[in-house]
Amino acid sequence: MAFVVTEPCFDCKYTDCVVVCPCDCFHEGERMLFIDPAHCIDCEACVPECPVEAIFHESNVPEEWKEFVALNEEMAAVSPSITERKQPLATSNR
């Protein structure tokens, strides 16, 4: 089991979650981030760091975003790893 980045990350791509990940399982797509389920250790460190609440344990992904479980696995395999904070696509009042 692993955590999954879902629809709220699309066109936001905050990287607060990336810098707290102890196993470097995040990957950067063009418009959102993905978690590699083979490397995620289920530590949950990323969940409270996401300002748009886009990260869920795969067993708790809302029904309307279930396709993101497979999408994370597929896209993590072909997207570059990301381990450092970057400027997000969206603007926040944080």
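Here the structure is shown first, and the text comes after it.
Given the structure is predicted, the values throughout are model-derived calculations rather than measurements.

## Things to note about the overall build of the chain
(1) Moving on: Helices and strands together make up the secondary structure of the chain, namely 2 helices and 4 strands.
(2) Moving on: Taking 94 residues into account, the globule formula puts the C-alpha radius of gyration at 12 Å, and the chain, at 12 Å, falls close to it.
(3) Moving on: Counting only C-alpha atoms and orienting by the principal axes, one finds that the chain spans roughly 30 × 25 × 25 Å.
(4) Moving on: The buried share of the chain, taken over its 94 residues, is 41%.
(5) Moving on: At a minimum sequence separation of 6, the contacts of the chain that also span at least 24 residues come to 72%.
(6) Moving on: Accessible surface for the chain amounts to roughly 5,300 Å². Of this, 49% is attributable to carbon and sulfur atoms.
(7) Moving on: Averaged over its 6 positive side-chain charges, the chain has a centre that lies 7 Å from the centre of its 18 negative ones.

## Considerations on unusual backbone geometry
(1) Moving on: With phi around 55°, Lys13 is a residue other than glycine that occupies positive phi space.
(2) Moving on: Its location among the elements puts Lys13 in the loop between strand 1 (3-5) and helix 1 (16-20).
(3) Moving on: Here Lys13 falls in the buried class, since its relative accessible area comes to 9%.
(4) Moving on: Of note in this structure, Glu44 is not a glycine but carries a positive phi near 75°.
(5) Moving on: Structurally, Glu44 can be placed in the loop between strand 3 (33-35) and strand 4 (55-57).

## Observations concerning a negative patch on the surface
(1) Moving on: A surface patch of like charges, here negative, comprises Glu7, Glu63, Glu64 and Glu67.
(2) Moving on: Here Glu64 is to be found in the loop between strand 4 and helix 2 (67-76).
(3) Moving on: Judged by its relative accessible area of 53%, Glu64 falls in the exposed class.

About the criteria used
Sequence order as written defines residue numbering, which begins from 1 separately in each chain. In view of the model being predicted, local features appear only for residues whose pLDDT reaches at least 70, and side-chain atom pairs are presented and counted only at 80 or more, with totals across whole chains, interfaces and linings using the full set of residues. With hydrogens and water set aside, each side-chain value is computed from the structure's full complement of heavy atoms. For the purposes of this entry, the term helix denotes a DSSP run of H or I that reaches at least four residues, the term strand denotes a run of E that reaches at least two, and both are numbered from the N terminus. Note that the radius of gyration is over C-alpha atoms, with the globule rule given as 2.2 Å times the number of residues to the power 0.38. Between buried and exposed lies partly exposed: a residue is buried under 20% and exposed over 50% of the maximum accessible area for its type, with that area taken using a 1.4 Å probe on protein chains only. Whether two residues are in contact is decided by their heavy atoms: any pair within 4.5 Å suffices. All accessibility values rest on the Shrake-Rupley procedure with a 1.4 Å probe; residue burial counts only the protein chains present in the view. Note on charges: Lys and Arg go in the positive column, Asp and Glu in the negative column, and His and the chain ends are not counted at all. We put the charge of a Lys on NZ, of an Arg on CZ, of an Asp on CG and of a Glu on CD. Residues enter patches when they are more than 30% accessible in relative terms and free of salt bridges; like-charged ones are connected within 9 Å and nonpolar ones (Val, Leu, Ile, Met, Phe, Trp, Tyr) within 5 Å. By convention in these notes, a salt bridge is any Lys or Arg side-chain nitrogen within 4 Å of a carboxyl oxygen on Asp or Glu.

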